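Coordinate inspection notes
Each chain, written out:
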Amino acid sequence: MLNFIQQDDVIIGVFDTGIWPESESFNDKGLGPILSRWKGFCQSGQKFDPATHCNKKLIGAHYFIDGFLAAYGNPFNAIELEDFLSARDADGHGTHCASTAGGSSVNNVSLSGLALGTYYKITE
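Starting from 1, residues in each chain are numbered consecutively following that chain's sequence as written. In keeping with the model being predicted, local features are shown solely for residues with a pLDDT of at least 70 and side-chain atom pairs are shown and tallied solely at 80 or more, while totals for entire chains, interfaces and linings include all residues. Only heavy atoms go into the side-chain values, all of them from the structure, while hydrogens and water stay out.

**A few points about the UniProt feature "domain: Peptidase S8/S53" (unreviewed entry) in the protein**
UniProt positions are given in the numbering used here, feature names are shortened, and annotations may be inferred rather than shown by experiment. Taking the UniProt record as the reference, the feature "domain: Peptidase S8/S53" (unreviewed entry) is found at residues 8-116. Numbering of helices and strands runs from the N terminus; a helix is a DSSP stretch of H or I covering at least four residues, while a strand is a stretch of E covering at least two. Annotated as 19% helix and 18% strand, the span residues 8-116 places its first and last C-alpha atoms 27 Å apart.

Here it is as structure tokens:
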């Protein structure tokens, strides 16, 4: 999956396992308009609706499946494989990388209830 995040005057592309758009790291509170040079789009797919999942922070999402399906050789069973036919992240790695690269600060976060604190980017 290829996802695009806007951070200040930069558009960041992340090619990874996808993105969990509900993550607070991708909220667009306080952000200005999407940069005028952006020419991409958010692609609709299983459990991924551009109208509700893309915003001024998560400005693009695209998934690539044709090559995988050709190599896989069988019908893709997203339920059995615990995956989505969309840019939605079922693994977590893509969401982690995208939030590290361009996510917003988030208060009161923890890992399994441990080390409660604020996630923030070093550049802030």
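**Some words on the sheet that holds strand 1 (residues 2-7)**
Taken in spatial order, the three strands line up as 2-1-3 in an open sheet, and their pairing is antiparallel. Among the strands making up the open sheet, the edge pair consists of strand 2 (10-15) and strand 3 (58-62). Geometrically, the sheet is characterised by an average inter-axis angle of 15° between neighbouring strands, direction not taken into account. Across six bridges, strand 1 lies against strand 2 in antiparallel orientation. Considered in strand 2, the bridge of Q6 is made with I11. Where helix 3 (residues 93-102) meets the sheet, its contacts fall on strand 1 and strand 2, and the angle it forms with strand 2 comes to roughly 160°. Strands were regarded as paired on the criterion that DSSP finds at least two bridges between them. To get an axis, fit a line to the C-alpha atoms, keeping to the stretch in contact for a helix; angles then go from 0 to 180 degrees between the N-to-C directions. Note on contacts: a residue pair is in contact if any heavy atoms of the two residues lie within 4.5 Å.

**Some remarks on the packing of aromatic side chains**
In summary, the pairing rule links any two rings of Phe, Tyr or Trp, Trp by its six-membered ring, whose centres are within 6.5 Å, and it sorts them by plane angle into stacked for under 30 degrees, edge-to-face for over 60 and tilted for everything else. Here the structure, examined in full by the defined rule, presents three aromatic pairs. Seen from their ring centres, W20 and F84 are 6.4 Å apart, and the 55° between their planes marks the pair as tilted. With W20 in the loop between strand 2 and helix 1 (50-53) and F84 in the loop between helix 2 (66-72) and helix 3, this pair connects stretches of sequence that are 64 residues apart. Each residue is assigned to one of three classes by its accessible area relative to the maximum for its type, calculated with a 1.4 Å probe on protein chains only: buried under 20%, partly exposed between the two thresholds, exposed over 50%. In this structure F84 comes out as buried when scored by relative accessible area, which is 18%. Directly above the aromatic system of W20 lies the positively charged group of R88, at a separation of 4.2 Å from the ring centroid. Counted as over-ring charges are cases with an Arg CZ or a Lys NZ within 6 Å of the ring centre that also lie within 35 degrees of the ring normal.

**A look at unusual backbone geometry**
For residues that are not glycine, phi is negative in most cases, and the peptide bond is trans in most cases. Although it is not a glycine, K47 adopts a positive phi angle of roughly 55°. Examined against the element boundaries, K47 turns out to sit in the loop between strand 2 and helix 1. Relative accessible area serves as the criterion here: at 58%, K47 is assigned to the exposed category.

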